2 protein chains.
Amino acid sequence: MTLPKDIRTSLDVEELPKKWYNLAADLPGRLKPPLNPKTMEPVRPDELSSLFCDKIIKQEMSTERFINIPGEVRDNLVHLCRPSVLQRAYRLEKHLKTPAKIYFKREDMSPLGSHKGNTAIAQAYYNAEAGIHTLTTETGAGQWGTALAASCNLFDIKATVFMVRGSYDHKPTRKIVTELYGGTIYPSPSVHTEYGRKYLKEHPDSIGSLGIAITEACELAMKDPGTCYALGSVLNHVMLHQTVIGLELKEQMKKAEIEPDVMIGCVGGGSNFAGFSFPMIAEKIKGNTECEFLAVESKAAPSITGGEYRYDLGDTGGFTPMLMMHTVGHDYVPPSVHAGGLRYHGMSPLVSAAVEQGYVNAVAYDQLETFEAGETFAKTEGIIPAPESNHAIKAAIDEAIRCRQTGEEKSIIFCLSGHGMLDLNGYSEYLDGSMKSSS
Amino acid sequence: MTLPKDIRTSLDVEELPKKWYNLAADLPGRLKPPLNPKTMEPVRPDELSSLFCDKIIKQEMSTERFINIPGEVRDNLVHLCRPSVLQRAYRLEKHLKTPAKIYFKREDMSPLGSHKGNTAIAQAYYNAEAGIHTLTTETGAGQWGTALAASCNLFDIKATVFMVRGSYDHKPTRKIVTELYGGTIYPSPSVHTEYGRKYLKEHPDSIGSLGIAITEACELAMKDPGTCYALGSVLNHVMLHQTVIGLELKEQMKKAEIEPDVMIGCVGGGSNFAGFSFPMIAEKIKGNTECEFLAVESKAAPSITGGEYRYDLGDTGGFTPMLMMHTVGHDYVPPSVHAGGLRYHGMSPLVSAAVEQGYVNAVAYDQLETFEAGETFAKTEGIIPAPESNHAIKAAIDEAIRCRQTGEEKSIIFCLSGHGMLDLNGYSEYLDGSMKSSS
């Protein structure tokens, strides 16, 4: 074989991290707390208890550096193919004629299709343990909804998923997968909540938004003490659960003797980027690395590059606390032609703070150029990426091309957050030329 | 963690086999040779040269025990995630309350979606090396067509795929994937060949069959010296290329100290079963194991359990040699309601001979019971299998249930030949109750 030695770096099952890493412990300065939208006072833990179980609330507010991963969660992460592989995109490098080395962390190999299982498993576990019988949630592109349905099934609780109607219509296979895992899925806005019915009356042709779907999911959770709400991104505990990605990556980089120069992840609410980068950002804070961190967003919902850093609601209806974050506004609805994912109006407060403090840079791309990058990746590496992941790939390709021009032998690492097997309609539009710019 | 130690057995990149194993070297008695359908004499190598390049023909006729895998083929197999993982279906065992241990070899983790890449890569390599500019092929469920398109793209040659019309209409995403990998795909019978046009005239509403699609692909290959034909199953060289599965498995069983009692694979043309089992059948022939081998077919095309062992054509139009095999007849068309894959009328001559000599048993299932097994697997293991693979899962579940009744702690190993992400319409019909028996 002529492949480089670092073509693939694996970890043993026993090397799965035993603790999650919490960036809140190390980020200089205090995080601005979530506020009660009615009083504009910091939210007390008990005010969140209609939405979340106690252990989740505790994690959400924690500033402990490391938090133990329960054994049963680790067992199920192993079932979902963790630790995940770090692979070198050797054929892509050759295609780009770049002196840079390109690596990618493979969250696409989870049977749930993306990184979303990392937190879905943990949230289902804690809620099942707390005696909750149903979790409600929203989903945009659908990765989170299917992951939560599968995870709830593993812990014998129910999942009710509100899927943004535009995506629901565009991606019919998400419904099949959710139902195969035993979940219930409704297009949002729906007739199953008061808010949905009211919204539909005013906007009967609405294609929906994540903000609306979150409101619907929260409404059901608030009405029934046996029902809690699960969020797939944005909140601190979600970022925490995702850090298995970056903790594994650190071990793998050590093993393969990789010194990263640029680490790249796509951002919608920020969860795969956070999980992938936070353990290395901790090293940056300590002065142990010069690595740059790049968050790649969609021009269809550019909260960092096109929004403001301020307090905003997490949902459209106002059921969630106010979060200090980058936002394009909680009533924002992305263009209906958008198929590229990453459609949330706000950004994780932890990611936002890391941006504000200068640890993370951001860039935004239009869906057309990201699908083009995805096609290049599929043709060279054989893997069809999720549209979200295509944003990270596009940025990695651009960086590798810059290296070709400057001759720099940088090590570029990106997070392949998921596969695109359930997002093929977008690729079809791209291939037949009917896809439009969504920026 | 409370998981058993053998939950996952991996091999390093360097442990990828360096040679393929050829069962023709060890099967007692001589294989009956392919015959020229016009003369009924054994086919001479040069008679195959309009369809295949020389190195493929040599492998097809070889009785050498081991054949070197070229370095460039091994490189690309690594890119397609080989060696593949051997996983224990621990949650499925618990669900079935069986004392048996159930393991599965994960061909579903290839980015090409199934085991088909193992031979697609090799065939694309040899043809590219021979200066061929285009490979034509047939595909039924679509796994082979997408794998060949991706593999041809890796070696810079073209792929033209004739997909059985019934599947083409039922699985629109296969077209998108084939085109994303740079391939061309036509529903068969098509207007792109003489045979297709003639067949369509007589049967304008034909849903097609693999036999018809093979005829169309062969016709294009025979008309142009720069075009060759690639078959995804049945022939000896295809079985040979698939033995990487079973050779890896042998190493993994040694590593994890697994003594297999039953090895189970689904069979259409026989390629994943052959690749998975032949290296262990060699041990059985030598008297080194008591392991049983079970080939699981579809009741919609039951060549072993419902057909005859005789010479038959490989295609409908008569372009291929006559093969000595189990067959339901080369003009057989599976029921139009069939969504379970495994629709080929004949069985690999090597698999057929292994059946006749008593090394392999066979069983057939209806699609309804196999989709039910697939649902159970998805809910317990989180993985949505290809409909073909569901046949092997159904047989493994039945064996595990027998073990529950007898108390036997058997080690059951099956081949998970592919994932079902592009076969969700079948699952949808199963879930909504509209799926019909296809036997």
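Residues numbered from 1 in each chain as written. Chains lettered and ligands numbered in written order. Predicted model: local features only at pLDDT ≥ 70, side-chain atom pairs only at ≥ 80, totals over all residues. Heavy atoms only, no water.

**Describing the packing of aromatic side chains**
Residue and element names in this part refer to chain A.
Phase 1: Enumeration over the complete set of coordinates arrives at 22 aromatic pairs over all chains.
Phase 2: Pairing F162 with Y186 gives two aromatic rings, centres 5.7 Å apart and planes at 50 degrees, and the pair type is tilted. Linking F162 in strand β7 (residues 158-164) with Y186 in strand β8 (residues 184-188), this pair joins segments that are 24 residues apart in sequence.
Phase 3: Exposure remark for F162: the relative accessible area of 0% places this residue in the buried category.
Phase 4: By relative accessible area, which is 22% here, Y186 ends up partly exposed.
Phase 5: Among the aromatic side chains, those forming a connected cluster through ring pairs are F104, F377 and F414. (Phe/Tyr/Trp six-rings, centres within 6.5 Å; stacked < 30°, edge-to-face > 60°. Helix = DSSP H or I, 4+ residues; strand = E, 2+ residues; numbered from the N terminus. Buried < 20%, exposed > 50% of the residue type's maximum accessible area, 1.4 Å probe, protein only.)

**Overview of the pattern of salt bridges**
Residue and element names in this part refer to chain A.
Phase 1: Counted according to the given criterion, the structure contains 48 salt bridges over all chains.
Phase 2: When the shortest N-O distance is used, the salt bridge between E129 and K55 registers 3.2 Å. Here K55 lies in helix α1 (residues 54-61) and E129 lies in helix α4 (residues 117-129), a separation of 74 residues in the sequence.
Phase 3: Owing to a relative accessible area of 41%, K55 belongs among the partly exposed residues under this scheme.
Phase 4: When the shortest N-O distance is used, the salt bridge between E194 and K223 registers 3.6 Å. Placement of E194 in helix α8 (residues 194-202) and of K223 in helix α9 (residues 210-223) is noted, with a sequence separation of 29 residues between them.
Phase 5: Looking at K223, the relative accessible area reads 52%, which means it is exposed.
Phase 6: Within this structure, R82, K105, E107 and E248 form a network of salt bridges that share partners. (Salt bridge = Lys/Arg side-chain N within 4 Å of Asp/Glu carboxyl O.)

**Topic: the interface of chain A and chain B**
Phase 1: Facing 49 residues of chain A, the contacting portion of chain B comprises 49 residues.
Phase 2: In total, about 4500 Å² of surface goes out of reach between chain A and chain B, with carbon and sulfur atoms giving 66% of it.
Phase 3: The interface formed by chain A and chain B includes zero salt bridges.
Phase 4: Our enumeration of links across chain A and chain B arrives at 16 residue pairs in polar contact (both at pLDDT 80 or more).
Phase 5: Put simply, the parts of the chain that give the side of chain A that touches chain B at least two residues each are α2 (71-79), β4 (86-88), α3 (90-96), α5 (143-154), α7 (172-180), α15 (367-381) and α17 (424-432) of chain A.
Phase 6: Residue contributions to the side of chain A that touches chain B peak at six residues, all from α2(A).
Phase 7: Looking at the side of chain A that touches chain B, its residues break down into 24 nonpolar, 13 polar and 12 charged. (Contact = heavy atoms within 4.5 Å. Buried area = accessible area lost by both parts, 1.4 Å probe. Polar contact = N/O pair within 3.5 Å; in protein donor to acceptor, adjacent residues only side chain to side chain. Nonpolar A, V, L, I, M, F, W, Y, C, P; charged D, E, K, R; others polar.)

**Brief notes about the sheet that holds strand β15 (residues 411-416) of chain B**
Sheet strands pair by backbone hydrogen bonding; their relative direction is either parallel or antiparallel.
All names here are of chain B.
Phase 1: If you walk across this open sheet you meet the seven strands as β1-β4-β5-β15-β10-β11-β14, and the pairing is mixed. Each edge of the open sheet is held by one strand with a lone partner, namely β1 (8-9) and β14 (361-365).
Phase 2: Summarising the sheet, strand β5 (residues 101-106) and β15 pair through six bridges and their orientation is parallel. In the strand pairing of β15, I102 is matched with I412.
Phase 3: Strand contacts of helix α12 (residues 271-285): β5, β10 (262-266), β11 (292-298) and β15, with the helix running at about 155 degrees to β10, the strand carrying the most contacts.
Phase 4: Here helix α15 (residues 367-381) sits on the sheet in contact with β4 (86-88), β5, β14 and β15, set at roughly 95 degrees to β14. (Pairing = 2+ DSSP bridges. Axes fitted to C-alpha atoms, helices over the stretch in contact; angles between N-to-C directions.)

**Topic: α9(A)**
Residues three or four positions apart in an α-helix share a direction because the helix packs 3.6 residues into each turn.
Residues and elements named next belong to chain A.
Phase 1: Taking 1.5 Å per residue as the helical rise, α9 with its 14 residues ought to reach 20 Å, and the 20 Å between its terminal C-alpha atoms agrees with that figure.
Phase 2: L210, G211, I212, A213, I214, T215, E216, A217, C218, E219 and A221 are the residues of α9 that are buried.
Phase 3: Looking at the packing, one finds that the buried side of α9 touches β6 (134-139), β7, β8, α8 and β9 (227-229).
Phase 4: One side-chain oxygen of the residue at the start of α9 lies 3.3 Å from the amide nitrogen of G211, identifying that residue as S209. (Expected span 1.5 Å × (residues − 1).)

**Examining the side chain of E60(B)**
All names here are of chain B.
Phase 1: The topology assignment puts E60 in helix α1 (residues 54-61).
Phase 2: A distance of 2.6 Å separates the side chain of E60 from the side chain of H237, its partner in a polar contact.
Phase 3: Residues within four places of E60 in sequence aside, it is in contact with L235, N236 and H237.

**Looking at helix α8 (residues 194-202) of chain B**
All names here are of chain B.
Phase 1: For α8, the set of buried residues is Y195, G196, Y199 and L200. Taken around the axis of α8, the buried residues stretch over an arc of 130 degrees, which confines them to a single face. Within α8, the exposed residues directed more than 90 degrees away from the buried face are E194, K198, K201 and E202.
Phase 2: In this structure, the buried residues of α8 make contact with α9 (210-223). (Arc of directions from axis to C-beta.)

**Side note on the relation of the copies chain A and chain B**
Phase 1: Overlaying chain A with chain B gives an RMSD of 0.0 Å, the required rotation being 180 degrees about an axis along which the chain moves by 0.0 Å. Here the symmetry operator amounts to a two-fold rotation axis. Taking C-alpha positions as the reference, the residue of chain A nearest the rotation axis is M421(A), at 3.0 Å.
Phase 2: Comparing contact sets, 100% of the residues at the interface of chain A also lie at the interface in chain B, consistent with an isologous, same-surface contact. (Least-squares fit on C-alpha atoms with pLDDT ≥ 70 in both.)

**Some details on the confidence of the model for chain A**
Phase 1: Residues at a pLDDT of 70 or more form 100% of chain A, whose mean pLDDT is 96.
Phase 2: Across the assembled chains, the prediction reports ipTM 0.96 with pTM 0.97. (pLDDT = per-residue confidence, 0-100.)

**Quick notes on unusual backbone geometry**
All names here are of chain A.
Phase 1: Geometrically, the link from R82 to P83 is a cis peptide bond, its omega value of -10 degrees lying close to zero.
Phase 2: Among the structural elements, P83 can be located in the loop between α2 and β4.
Phase 3: For the bond running from S188 to P189, omega is 5 degrees, close enough to zero to count as cis.
Phase 4: Along the chain, P189 falls in the loop between β8 and α8.
Phase 5: One non-glycine residue with positive phi stands out, namely L342, at about 55 degrees.

**Regarding the domain arrangement of chain A**
Residues and elements named next belong to chain A.
Phase 1: Each assigned domain of chain A is listed here: domain 1 (8-16 + 83-114 + 239-432) and domain 2 (19-69 + 115-236).
Phase 2: Centre-to-centre, using C-alpha coordinates, domain 1 lies 21 Å away from domain 2.
Phase 3: Counting residues at the interface gives 59 residues for domain 1, matched by 64 residues for domain 2.
Phase 4: Taken together, the links from domain 1 to domain 2 amount to two salt bridges.
Phase 5: Residues K171 and D423 are paired through a salt bridge, measuring 2.6 Å at the closest nitrogen-oxygen approach. (Domains from an automatic or database assignment.)

**Describing the sheet that holds strand β7 (residues 158-164) of chain B**
Residues and elements named next belong to chain B.
Phase 1: Read across the sheet, four strands follow the order β8-β7-β6-β9 without closing on themselves; strand pairing throughout is parallel. Sheet topology places β8 (184-188) and β9 (227-229) at the edges, where each strand pairs with a single neighbour. Taken pair by pair, the neighbouring strands of this sheet meet at an average axis angle of 25 degrees, ignoring direction.
Phase 2: One ladder, built from five bridges, connects β7 with β8; its direction is parallel. Bridge pairing in β8 places T160 opposite T184.
Phase 3: Along the sheet, α9 contacts β6 (134-139), β7, β8 and β9; its crossing angle with β6, the most-contacted strand, is approximately 170 degrees.

**Observations regarding the pairing of strand β15 (residues 411-416) of chain A**
Residues and elements named next belong to chain A.
Phase 1: The element β15 is extensively covered by neighbouring structure, given that six of its six residues are classed as buried.
Phase 2: Side-chain alternation along β15 places S411, I413 and C415 on one buried face and I412, F414 and L416 on a second face that is also buried.
Phase 3: Relative to β15, strand β10 (residues 262-266) runs parallel, the two being bridged by three bridges. Across the sheet, I264 pairs through a bridge with F414, a residue of β15.

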